[in-house]
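If you want the building blocks of each chain, they are given just below.
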Amino acid sequence: MLTVDAYAAPSATEPLIKTTIERRAVGANDVLIEIAYSGICHSDIHTVRGEWGPISYPQVVGHEIVGTVTEVGSDVTLHTVGDRVGVGCMVNSCRECENCLAGEEQYCLAGNTGTYAVVDRDGTITQGGYSTHVVVVEDFVLKVPESIPFDKAAPLLCAGITTYSPLAHWSAGPGKRVAVVGMGGLGHMAVKIAHAMGAEVTVLSQSLSKQEDGLRLGADHYFATSDEATFSDLKNHFDLIINTVSASIDINAYLSLLRLDGTLVSVGAPAEPLPVGVFTLFGNRRTFAGSSIGGIRETQEMLDFCAEHGIAPETELISADYINEAYERVLASDVRYRFVIDAATISA
């Protein structure tokens, strides 16, 4: 076993604290990664505060991880010491079900093994990236292209793939009108990626406060959803809408913006249900869908796409002792657009 420094939540109501955790010894198919940077995702906050169900404490979260390989197991062939690598939202799956065999491990029928807060294959609880090191089976470790700035790469492993996957699946590209609901950590990545794919991109945000950013990052249009005229002016307009917000919205109002055979995909995860009127779906043969992260193959595809198109998240680099303040700023939407922890400060 390896003892490493980390920041953990001791309970659902207490601030995260500096501590140590144990990592398993490097097995034959494992990779030991010295973490360089770890992104903060809203999912981290939901999890440690028990908003998505009970978890075991103390808990280390973080599923946007980049670092350097420092040791490999005897049977590892995909990675070597010194490689720049990343780990996203999952660290294993059954690898036997039809979804896993199709390269869609995120939809593993037995349930994929999340990077934190779930029971691992050895019966322990997985602990995430707010730590100095992590041990991961080689098949779930990604290669981070050299052209992506290392201090900005981590959010791609969640925010990047969460938006890339539905954009790719529903064929965003030239001739397609794509709307992005929400201009936050997920939304700003959706704008960048959809623009790089060649789609006509519109941001639908509660206000126009981030309009300048949206247009700078690749949006062609920007509308405030607080303006009732937005929903009448854009009715029957979009081929694809990516809903990135994790709050309750009037989903039927957004569905009305879809043209024939259009799809609204939710990637944000509000705690409460989103009621859908079936007659809204009948109109224009609309589809309301959900999308998780991508599989390992698609996540690598996303990283390579971002490298090719010069895409990186907008980030604010913080030290580990600022995590609790960062959480409050995330909840207040006071970050543009993703916090990244400098893992070197975890042991300070």
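- As recorded by an unreviewed UniProt entry, the protein carries the name alcohol dehydrogenase (NADP(+)) and is attributed to Leifsonia stereocauli.
- Under the heading Cofactor (unreviewed entry), UniProt records this for the protein: "Zn(2+)".
- Taken directly from UniProt, the Sequence similarities (unreviewed entry) text for the protein runs: "Belongs to the zinc-containing alcohol dehydrogenase family."

1. Topic: the side chain of H79
Reasoning step 1: Assignment of secondary structure puts H79 in the loop between β4 (65–72) and β5 (84–87).
Reasoning step 2: Exposure remark for H79: the relative accessible area of 4% places this residue in the buried category.
Reasoning step 3: Within the structure, the side chain of H79 is placed 3.2 Å from the backbone oxygen of E138, a separation counted as a polar contact.
Reasoning step 4: Polar side-chain contacts of H79 include one of 3.5 Å to the side chain of K143.

2. Some points on the nonpolar core
Reasoning step 1: One finds I40, Y130, L167, I323 and Y327 to be the most contacted residues of the largest nonpolar core, which totals 89 residues.
Reasoning step 2: The greatest single-element share of this core, amounting to seven residues, is contributed by helix α5 (residues 185–197).
Reasoning step 3: The residues contacting Y327, other than those within four sequence positions of it, are L16, I40, D44, I45, V48, R49, V61 and Y130.
Reasoning step 4: Judged by nonpolar contacts, the second largest core, of 16 residues, contains L204, A253, L255 and L274.

3. So, the packing of aromatic side chains
Reasoning step 1: By the definition in use, this model includes five aromatic pairs.
Reasoning step 2: Geometrically, the ring pair formed by F279 and F282 is edge-to-face, given 5.3 Å between the ring centres and 85 degrees between the ring planes. With F279 and F282 both in helix α9 (residues 278–282), this residue pair falls three residues apart, about one helical turn. As far as the burial class goes, F279 and F282 line up, both exposed.
Reasoning step 3: Positioned above the aromatic ring of F150, the side-chain terminus of R84 is 4.4 Å from the ring centre.

4. A look at a nonpolar patch on the surface
Reasoning step 1: On the surface, V278, F279 and F282 cluster together to form a nonpolar patch covering roughly 370 Å² of accessible area.
Reasoning step 2: Here F282 falls in the exposed class, since its relative accessible area comes to 55%.

5. Details of the sheet that holds strand β11 (residues 200–205)
Reasoning step 1: Read across the sheet, six strands follow the order β12-β11-β10-β13-β14-β15 without closing on themselves; strand pairing throughout is parallel. In this open sheet, the two edge strands, each paired with only one partner strand, are β12 (221–224) and β15 (287–290). Adjacent strand axes in the sheet meet at a mean angle of 20 degrees, parallel and antiparallel pairs treated alike.
Reasoning step 2: In terms of strand pairing, β11 meets β12 through four bridges, oriented parallel. Its bridge partner being in β12, S205 is matched across the sheet by A224.

6. Quick notes on empty space enclosed by the protein
Reasoning step 1: Across all of its chains, the model carries one cavity of 30 Å³ or more by this definition.
Reasoning step 2: Considering only enclosed or pocket space, the largest cavity measures out at about 70 Å³ in volume.
Reasoning step 3: Partitioning the lining of the largest cavity into residue classes produces eight nonpolar, three polar and no charged.

7. Topic: the state of the cysteines
In a disulfide, the sulfur atoms of two cysteines are held together by a covalent bond.
Reasoning step 1: Evaluation of the coordinates by the stated rule reveals zero disulfides.
Reasoning step 2: Free of any disulfide, C306 has its nearest neighbouring cysteine sulfur in C158, separated by 13 Å.

8. Observations concerning the pattern of salt bridges
Reasoning step 1: This model, assessed by the stated rule, comprises 15 salt bridges.
Reasoning step 2: R259 serves as the salt-bridge partner of D239, at 3.4 Å between the closest nitrogen and oxygen. Taken together, the residues span a long stretch of sequence, with D239 in strand β13 (residues 238–243) and R259 in strand β14 (residues 258–266) at a distance of 20 residues.
Reasoning step 3: Members of the salt-bridge network, linked through shared partners, are K192, D213, R216, E314 and R336.

About the criteria used
- Residues numbered from 1 in each chain as written.
- Predicted model: local features only at pLDDT ≥ 70, side-chain atom pairs only at ≥ 80, totals over all residues.
- Heavy atoms only, no water.
- UniProt positions renumbered as here; feature names shortened; annotations may be inferred.
- Helix = DSSP H or I, 4+ residues; strand = E, 2+ residues; numbered from the N terminus.
- Buried < 20%, exposed > 50% of the residue type's maximum accessible area, 1.4 Å probe, protein only.
- Polar contact = N/O pair within 3.5 Å; in protein donor to acceptor, adjacent residues only side chain to side chain.
- Core = buried A, V, L, I, M, F, W, Y, C linked by side-chain atoms within 4.5 Å.
- Contact = heavy atoms within 4.5 Å.
- Phe/Tyr/Trp six-rings, centres within 6.5 Å; stacked < 30°, edge-to-face > 60°.
- Lys NZ or Arg CZ within 6 Å of the ring centre and 35° of its normal.
- Patch = residues over 30% accessible without salt bridge, like charges linked within 9 Å, V, L, I, M, F, W, Y side chains within 5 Å.
- Areas by Shrake-Rupley, 256 points an atom, 1.4 Å probe, with all protein chains shown as cover.
- Salt bridge = Lys/Arg side-chain N within 4 Å of Asp/Glu carboxyl O.
- Pairing = 2+ DSSP bridges.
- Axes fitted to C-alpha atoms, helices over the stretch in contact; angles between N-to-C directions.
- 1 Å grid on protein atoms, 1.4 Å probe; cavity = no way out; pocket = protein on both sides within 12 Å on 5 of 7 lines; lining within 4 Å.
- Points joined across faces, edges and corners; volume = space filled by probe spheres on them.
- Nonpolar A, V, L, I, M, F, W, Y, C, P; charged D, E, K, R; others polar.
- Disulfide = S-S within 2.5 Å.

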